[in-house]
Every structure is written in structure tokens, then in C-alpha cells.
Amino acid sequence: MISSTARDLPAHREEVKNACLRQGMFPMMMEHLPASDSEAIAESLKMVDEAEIYVGVFAHRYGYVPKGHDISVTEMEYNRAVERKIPRLIFMMDDAHPITIKDIEKGKGAIKLKAFKERVQQEKIVNFFTSPADLRADVINSLSKLREPDLTAFHYVSDIPAPPEPFIAHPYTLLQTHRLVGRQAELNLLTDWVTRSEEQIYQARILNIVAIGGLGKSALTWKWFNDIAPQEMKPLAGRMWWSFYESDATFENFVTRALAYVTRHRLDEVKQIPAPDREAQLLAALDREPFLIVLDGLERILIAYARMDAARLEDSQVGNQKNLRKTADPRAGRFLKKLAQVKNSRILVSTRLHPADLETDGGDPMPGTFRRNIEGLTDDDAVELWRAFGVSGSRDELMPIFTTFDKHPLLIQALAGEIKRYHRAPGNFQEWRKANPRFNPAQFPRLQEAIGHVLEFALRELDIKSRLALQVIAAFRMPAQYDTLAALLIGEGKACADEHKLDKVLTELEDRGLVGWDKRANRYDLHPIVRGVVWSGLDKETQQGVYASLHAYFKALPVIDEYRKVNSLEDLTPIIELYNTLIGLGRYDDACTLSYERLEGPTLYRLSASRQRVELLEMLFPDGLDQLPRVNNQGSQSYTLSALAHGYTLSGQPGRGANFYRRTIIIDSKREDNVHLCIDLANLSNSMLLSGALRESEAASRRALIIAHEQTDRFNEAISLYWLGLTLAARSIANESESALQRALRIRIEQHNSQGQGRINYFCAQRALWFSEFVAALSFANRAWELAHVLSYEADFIRSAQRQGAAALGLNDFTTADERLYHALTRARMVNLVEEELPTLVALAELQRRQGEEKAARELLDDVWERAERGPYPIFHADACNVLAQIERDAGNTAAAVEAATRAYTLAWCDGPPFAYHWGLEKAKKHLQELGATEPQLSPFDESNFEPMPVVEIDPTDEFHAGKEKT
């Protein structure tokens, strides 16, 4: 909470606000007093009640005194802070501070102010400031003593006001300048959208502002939402700003809070409404009254950015991949389409990626929507941004330079910041160019080379402190927290003497456009281009020194002693950064050990962060993935290859994973390490099953089972049994598959292994689904869901929910099927668990088909084809083709139905009977028979091409039917 008699001094307010944000503390500041005195008092005291620290900034005005009261709102705020006994930091304007006569209050106000200041000085230690910058330094130094270490990203959602008061759920804090520079054409476009009925854009209900990170789309929409829309959009029932960048700003939460706002109902009442009804009521309300809704950062609900590694994505990697631009939850995509058809309200979207759900099949914006791509600045905006830094230069000499790097604002800002600080002639572009005759970005034909050249010169005049800070940030793998930078850069012999000096360094780097500051999370990062230029410009010795410094810091941090307390990748940041420093120092064996002890198993694996596992493990292969990892013993080599294979398998590449498992098997066979060999073979069985190599899958699991028996290894015996049971179930071998799974379950119960029991339960559920035993399947799936809560492995929740939904579909319980399957799909997409995403999409497509939603069913299947082919996942692919065949039959498209059924038949053939995917093959046969089409002629299974199948006895007298007993 910041209270101030200097409310009319914006420079001071901005400095205090940024000082709080620098310390990771979100300031609550009353920008404007409400219309009535009672509202002003209530709102001010409410902010004090919600605050943890009170910061008072007092100048020479007493502040507003409401009618019927003797003291100002400011003094009321202070009194409430005293009552609550929260820490109070007081800053008073020194007599030496330059002011104008209008800044000084006279008469009764001056008397009350003098008494108030005297009382405050008696109660608390007061700091005096002589300038806005001095105030900022004092605030930073004072707050640093109260700051909690290792703060995570702040989350803040405001209360829901009554319209027409704006509902700003998540205030935008990233605008670094006091005003938006340029973008006048885009501001005019937004205004035309709501005022020019003769223009085509006026007909659009949804306007999408699309741009890569750093081009100012959020700043643009924030400016228009606050300053222009209220004046131009009339009538206006209310306006709402919602940012999907926040930690729990989900689609569901948006619908709930938006409905509460536009209907003026209590939030707890709205939460009781079923989700489909909430969506319908929100659409109806927006159709009735003219509201303005801004959805900032919409890419966060798209598949590409919903996942855990979104912070490391490059927009260029996903922009052309339509499947990644769909909403992670298809229900959100359908809602967006309906939103485009409302009559009275308007929805402004800012996003890195244009939502595929708002496109036609040809890739054009669908009716009711409009798309505006923001790329480089216009010529006028580029020059205006340059001028905003007070740097000289004529338009004719500037534009050829700006054009070489596409007028990217980051590069303009970085170069202007360098010239502004040119010591011999500050801000003089001509003099700077004379002193730097090598500066000529036009000599480079490639954009990236020109950008690198510009940045090389933009870094030249940095002082040693700023260079050290930039080098440290460049060495991080993830965005750097302020507390981490403070620990690394403040102290004797380091870059900065105190936090005020660090603030000055970071401020300069931000002003130059070299460092990005996420104010809400209080994290610092570099644009990839800046990072590359900074790091490549260091010699090997300096790089090693930076890594050594980071290693010492992260190694000393306390370890999270309970892995279940790790709930996100951010919680693993210190370990990941420590791992990164070990790789940078060439200590691959130590990095491998750290990976095994603190990253794999119950951390990244528990989170299903398979992409991150792969990314980190690949760093152990500096000589290439076709070579062995650079670790010194075969045990570490085996572990690394196996973990990488597991990561590939879980992230959608089971075929590639199988190849790495085979390499692991060779190593462990030579080492005669039968325990790990058994694990290798069981894991290979999993990859082969997913890849449709049923014969090899069965052989691997049977061989693993033999080894486990020989070693009396009950743990690995259970693993081998459940992969064998699932493979046999896929072939429709009823008794042996049931016996294998039941025996595995009995072992896990004897071992009191809850997680193992849960996994076997959802395997039993899968077997029951294939055999159309839907009641048993639901019982197994429900038990698996219960057990998933014991250790909270993300994949266990997803698999259990998927089986619950599929079983409910089999029982024609469409409501439960819808809820459970969409739940599984959204979570699977967040962690890229493709082996669960694909069957969930197939089940949802079948659900939509049965409900008569042919178009929705086809759209769901469209998300299957490419990933099923790439995996490969022939079993899921066959299931999808069988659903498509039925859709085509329902629509009377006989030829298309035959084509889909034939494709399903071919995919389900796998190795050929008896090693075929029985369930997909039989469905395809039935389709073809009923369509009057012939079955394709495929090669039968040839036993001579394979080694003899290992033989192992599974006790057929094992009658432990846990799932059926529950039923």
C-alpha cells in the first residue's frame, strides 16, 4: 500500500511504484479518488487493510478532506496502518527539493499537515528525499530490509466492481515509459473499430492484435483501453481487462469472473452455475449490452503456450503450425467462435499467435473477427521512438539504418540508449558515427547478422558494473529472480555496493532495451539475440568465471527436502541453473549425478515435464546424440540413455525412444547388470506397444519377466507383468492378459506401493475398455484416480481421468464423459503427454459424433493425424480412422468411409495376426464388410523373421480380481 500527499506528483509516484516492484512487492495505489466521499474513504481503507507494508510519501500538501470529516484521506490511511500494526515506511520531501508554488498548501491544510508530519516523525524514523531518484533509492533500501527472499511470481486479481466502473482483473505493469511511443496507426484502427460503421472492421466483434514478444501489443491495448475507449465507445455498459499471463488466469476463471461482472451477481453465486450454463449466460449478457472485454496474452491458452516450457518458446517455432495455435481446451475454442457472433459487445485480443479456432479452413479470419499483425514500427513511429530518447539524427540518415533490422523497437532502443550515453557528445548521432566508422549494418545481407552488428555497438559504452550484470544474466538458463541477482552482484568485490546501485544498473540496462523486466514476477531476462551476442563476446576464461560464480551460489541454496513440495518448473529453477553451470564448466559427470539425484524421478518425471527432461539430458551429449554421453562410467551412460529414451517416449516420440532403449540394453547386457536390463526391457516393451510393434513388445516384456524371476525381483516382476498384460490385451488374449495384470496388482498391494497400484488400476481399466467391460473399467479408473492423489504424479491424474471419461462414454453417460475427457485433454496438453492426448481426442470425437456434432468431431480428429503419424502411434491412429469411418458413414460418404476404414485396417495390422491390434482391426473389418468393400491384402506375420518368443509361466490360478470385487 502506498499513500501519498504527493498524489499530484506523477514522477514521484512512478519512482515509488517501480521501487516496490523491483523488490518484488506489488503496490496498491489509488490512481484517482472515486466520485463520492464515502467511496473514496472505503476504497482507501480497504487497500490499507489488504496491505502488508505501508509506504507514506509526504510532500507539502495535506490531501483531500472529505465532507463531514476533520482529517484527510491520507491521514485516515496512516491511522488505519497504525491500528493494524503493519510496518510503516515514511518518506518526506526535504526543504531542498525543488517545487513550485502550486505544490504548497496554505491555510488550514498547511496547519493540519504540519501537525500530521510532527506526529509521524515522533512515531517513526523518517527518510527525507531531495528528488524523485533520491526517493526511489530510499524506498529500495528501506524495502530491502523487509523483503522476503526467493519471491515467486506475484499473482493479483482485483475485486469485481459494479459496471460501468472498469474491472481491471490484472493491472498491466510492463509499460516502461510514461507514455506509449508511436503506434498511432494501430490506435486509430482500434478507434475505427468502434466508431466507423461504414468500415469493414466495424462489423468484427473480435479484433485480434497479433505480434511477437517485445513489439508492444499489450502496451497498445492498455493505452487504448484506458485512455481512448471510454471516450469513443458509446454507449458502454462496462469494460474489463483480463490477462492470461497470470498464474491462475484460466479460461474457466475468466468466464466465471466476467459473468459476475457483466451480470452484477456475486462471485460465489456464479461459481455454483454449471460451466456450460455459465458460458451460455455470459454470451447472452454480452449479446444484450455493449461491454468491452480485453483478453491480454491469449496465446497462454493455446496449445503452444499452455505447456510448462512456454517461457522458452520462440514464436517463429510455432507460428505456422496450426495445431499448436488451437486452444488447449477445445471448449475454449468453441466459446471464442461463439463470442465472435455476439451483437453488442466487443472483444479485443492481444496475442503472440493468432488462434486457429478463429480461422477458416483456408487460414483467413472467420466472420465476426478481424486480425491486425504488428510487425516493425512504421517509419514515423521508429523516428518518434528514437526522438523519445533525446538522440539527434535526421530522418533520411536514420531510416536506412532502421530498415536493416526491420525497425525492431528493441534495437532502436538499444542503439539510442548507447548514443545517449556517448561520453564525448551525449545524444549526438553524427559525432557517435564519426567515432565508430565500422558501424554499418547495411553490409550484412542476413537480418540476424545485422541485428548482431547493431547490438555489438550498443554494448560498447556500458560501464563495468552493467557489463558484469549483463554477463551474469546471459549465463542463466531461465529468467533470473531479483533476489538471485542481488546475491550474485551485491557485495565487496562485486559489481554493486548495495541494492540502490544494483537498481541503477538494472534501470540502465532496461532503458537501453538490453534487459527485459517482468515486473509482476520480478524476473529479468534477455532477448535470445542479446543473450547470444553478449555470451559469444566473452572469452572462455570469462565464461568459466561466470559459471563458477553461479555454481557457488546455487550449490549453497537449501534443497527442497520433500519432492511433493515441487509443484512447478519454477520450483526447480535453482537446481536447473546449478545443472546448467555444471554443463558450462564441463563437469558432465557431476551434472549427470545431479540430474539423477535431484531432477529425474520424483521431480521432472512427477511433473511430466518430458520436454524439459529431454532438453536437459541432451546437454550431456556435446559430441552428438549418435555418440555416447560424455560421462566416464557405463552406469552413467546407461542411466542417461534410458532417461532420454523415457523422455522421448513420453513427449510423443516412442519410436525414437525405442532406439535409445536398445542402446541402453546393449550397455547393460555387457555389464551383466540384470536389474537395469530388466528395467530396460520393460521400458522397451512400452515404447514398442505405443509404436505398434506388438511382437517385439511382448518379447521384451516376457524376457524382462524371466530375468525378474531369476533375480527374485518382485518390483520389476510387477512392471514386466503389466506391460505384458497390456500388450496381450491389445491382441485380445483375454485370460493371460487378465492374469498378468492381476498378479502385478497383487504384488504391488503386498509391497504397499500405492503409486504402482494406481498405475496397474488404469492399465486394468484400459484392458476392460477393450473388452467392453465398462462398469469394471470405471471402477478401476476411479480407484486409479484416488491413488493418484497419494504421490501426485501428473501423468497418473491424466491417465485416470482419460479412462474415467472413456468408461463413462461406454456407459452412455455423456455428461461425465465430457467433463472427464476434457479435463484429461487440457492437462495432457499442458505437459505434452501425447500418448494420452491422442486417445482422449479420439474418445471426444466419438462423443461428439454420438451427440450429432459432426463438425466438432472432425475438428478433434484433425488434431490426431500428424502427431499419430510422427510418433508413430498406429494403435491410436487406427482408432481415429475407425471413428472417421463411422462419421463418413453417418454423412453418407461411402467412398470416404471405405478409405478411412481401409486406413484403420492397415494401421491395426501392426506385425500381422496374431500380433495385430485386434480391436482396431475388427472394427475396420466390420466397417468394410457393411460397406461392401474388400479387405486390403497385407503380408501375414512371418515367424522366421523373429527370434523365438521367450517362454514364461504366469500362474493361471491367481484369482485376485480387485477391480471386479469393487464393482
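Draft legend 1. Spatial organisation of the overall build of the protein chain. Regarding its fold elements, the protein chain presents 43 helices and 13 strands. Since a compact globule built from 967 residues should have a radius of gyration of about 30 Å, the 32 Å found for the protein chain is in line with a globular shape. Here the C-alpha coordinates of the protein chain stretch approximately 100 × 65 × 60 Å along the principal axes. Burial statistics for the protein chain: of 967 residues in total, 56% are counted as buried. Taking the contacts inside the protein chain whose residues are at least 6 apart along the sequence as the reference set, 70% of them involve residues at least 24 apart.

Draft legend 2. Structural context of unusual backbone geometry. Omega for the bond connecting Pro163 with Pro164 falls within 30 degrees of zero, at 10°, which places this linkage in the cis form. For Pro164, the position within the fold is in the loop between α5 (132–144) and β5 (167–168). Omega for the peptide link from Lys234 to Pro235 comes to 0°, which places this bond in the cis form. Within the element layout of this structure, Pro235 appears in the loop between α7 (217–232) and β7 (238–243).

Draft legend 3. Main features of the pairing of strand β8 (residues 291–296). The buried fraction of β8 is high, at six of six residues. Covered by surrounding structure in β8 are Phe291, Ile293 and Leu295 together with Leu292, Val294 and Asp296, the residues of both alternating faces. Bridging between β7 and β8 involves six bridges; their strand directions are parallel. The residue of β8 that forms the bridge with Trp242 is Leu295. As paired strands, β8 and strand β9 (residues 346–351) are joined by five bridges and run parallel to one another. Residue Asp296 lies in a different strand from β9, and its bridge partner there is Ser350.

Draft legend 4. A look at the sheet that holds strand β13 (residues 523–525). Strand order in the open sheet formed by three strands is β11-β13-β12, and the pairing between neighbours is antiparallel. Among the strands making up the open sheet, the edge pair consists of β11 (480–481) and β12 (516–518). Taken together, the three bridges between β12 and β13 define a ladder with antiparallel strand orientation. Counterpart to Asp518 in the pairing with β13 is Arg523.

Draft legend 5. Fine view of the nonpolar core. With 115 residues, the main nonpolar core has Trp386, Leu455, Leu470, Leu485, Leu514, Tyr579 and Leu620 as its most contacted residues. In terms of residue count, the dominant contributor to this core is helix α16 (residues 409–420) (seven residues). If we skip the residues at most four places from it in the chain, Leu470 touches Leu459, Leu462, Leu509, Leu514, Val515, Leu526 and Val534. Leu726, Tyr762, Phe763 and Ala806 belong to the second-largest nonpolar core, a separate cluster that totals 80 residues.

Draft legend 6. Seen up close, the confidence of the model for the protein chain. When pLDDT is averaged along the protein chain, the result is 86, and 91% of the positions lie at 70 or above. The least confident element of the protein chain, judged by mean pLDDT, is helix α43 (residues 962–966) at 34; the most confident is helix α40 (residues 874–890) at 98. Scored below 50 in pLDDT, residues 150–156 shows 26 contacts in the model against residues more than four places distant or in partner chains. This model gives residues 308–313 a pLDDT under 50, and the stretch forms 17 contacts once residues within four places in sequence are excluded.

Draft legend 7. The arrangement of the packing of helix α18 (residues 447–458) against helix α22 (residues 528–536) in detail. Across the interface, α18 lies against α22 with an axial gap of 10 Å and an inter-helix angle of 60°. Crossing of α18 over α22 shows right-handed handedness. Contacts from Gln448, Ile451, Gly452, Leu455 and Glu456 of α18 reach α22 at Ile529, Val530 and Val533. Within the contact of α18 with α22, the residues separate by chemical class into five nonpolar, two polar and one charged.

Draft legend 8. Representation of the environment of Ile733 within the structure. Note on placement: Ile733 falls in the loop between α31 (714–730) and α32 (734–750). Its relative accessible area of 27% is what places Ile733 among the partly exposed residues. Ile733 sits 126 residues away from Leu607 along the chain, and the two C-alpha atoms are 34 Å apart.

Draft legend 9. Molecular detail of the side chain of His551. Checked against the element boundaries, His551 lands in helix α23 (residues 540–555). We classify His551 as buried; its relative accessible area is 11%. Those residues in contact with His551 that lie beyond four places of it in its chain are Leu578, Thr581, Leu582, Leu585 and Arg587.

Draft legend 10. The arrangement of helix α21 (residues 499–511) in detail. With 13 residues, α21 extends 18 Å between its outermost C-alpha atoms, agreeing within 8% with the 18 Å of an ideal straight helix rising 1.5 Å per residue. Those residues of α21 that sit buried are Glu499, Leu502, Asp503, Val505, Leu506, Glu508, Leu509 and Glu510. One side-chain oxygen at the N-terminal end of α21 lies 3.1 Å from the backbone nitrogen of His500; it belongs to Asp498. A positive backbone phi angle near 80° is found at Gly513, which sits one or two residues after α21.

Draft legend 11. Inspection of a nonpolar patch on the surface at higher detail. A surface patch of nonpolar side chains, amounting to about 260 Å² of accessible area, comprises Ile99, Ile101 and Ile104. Looking at the element boundaries, Ile99 is found in the loop between β3 (88–93) and α4 (108–123).

Draft legend 12. Geometry of the sheet that holds strand β6 (residues 206–210). Pairing is parallel across the open sheet formed by six strands, whose spatial order is β5-β7-β8-β9-β6-β10. Every other strand in the sheet has two partners, leaving β5 and β10 (369–373) as the edge strands with one partner each. Contacting β5, β7 and β8, helix α8 (residues 251–263) runs over the sheet at an angle of about 165° to β7.

Here is what the cut-offs are and how they apply
- Residues numbered from 1 in each chain as written.
- Predicted model: local features only at pLDDT ≥ 70, side-chain atom pairs only at ≥ 80, totals over all residues.
- Heavy atoms only, no water.
- Helix = DSSP H or I, 4+ residues; strand = E, 2+ residues; numbered from the N terminus.
- Rg over C-alpha atoms; globule rule 2.2 N^0.38 Å.
- Buried < 20%, exposed > 50% of the residue type's maximum accessible area, 1.4 Å probe, protein only.
- Contact = heavy atoms within 4.5 Å.
- Pairing = 2+ DSSP bridges.
- Core = buried A, V, L, I, M, F, W, Y, C linked by side-chain atoms within 4.5 Å.
- pLDDT = per-residue confidence, 0-100.
- Axes fitted to C-alpha atoms, helices over the stretch in contact; angles between N-to-C directions.
- Left-handed = near helix turned anticlockwise from the far one by under 90°.
- Nonpolar A, V, L, I, M, F, W, Y, C, P; charged D, E, K, R; others polar.
- Expected span 1.5 Å × (residues − 1).
- Polar contact = N/O pair within 3.5 Å; in protein donor to acceptor, adjacent residues only side chain to side chain.
- Patch = residues over 30% accessible without salt bridge, like charges linked within 9 Å, V, L, I, M, F, W, Y side chains within 5 Å.
- Areas by Shrake-Rupley, 256 points an atom, 1.4 Å probe, with all protein chains shown as cover.
- Salt bridge = Lys/Arg side-chain N within 4 Å of Asp/Glu carboxyl O.

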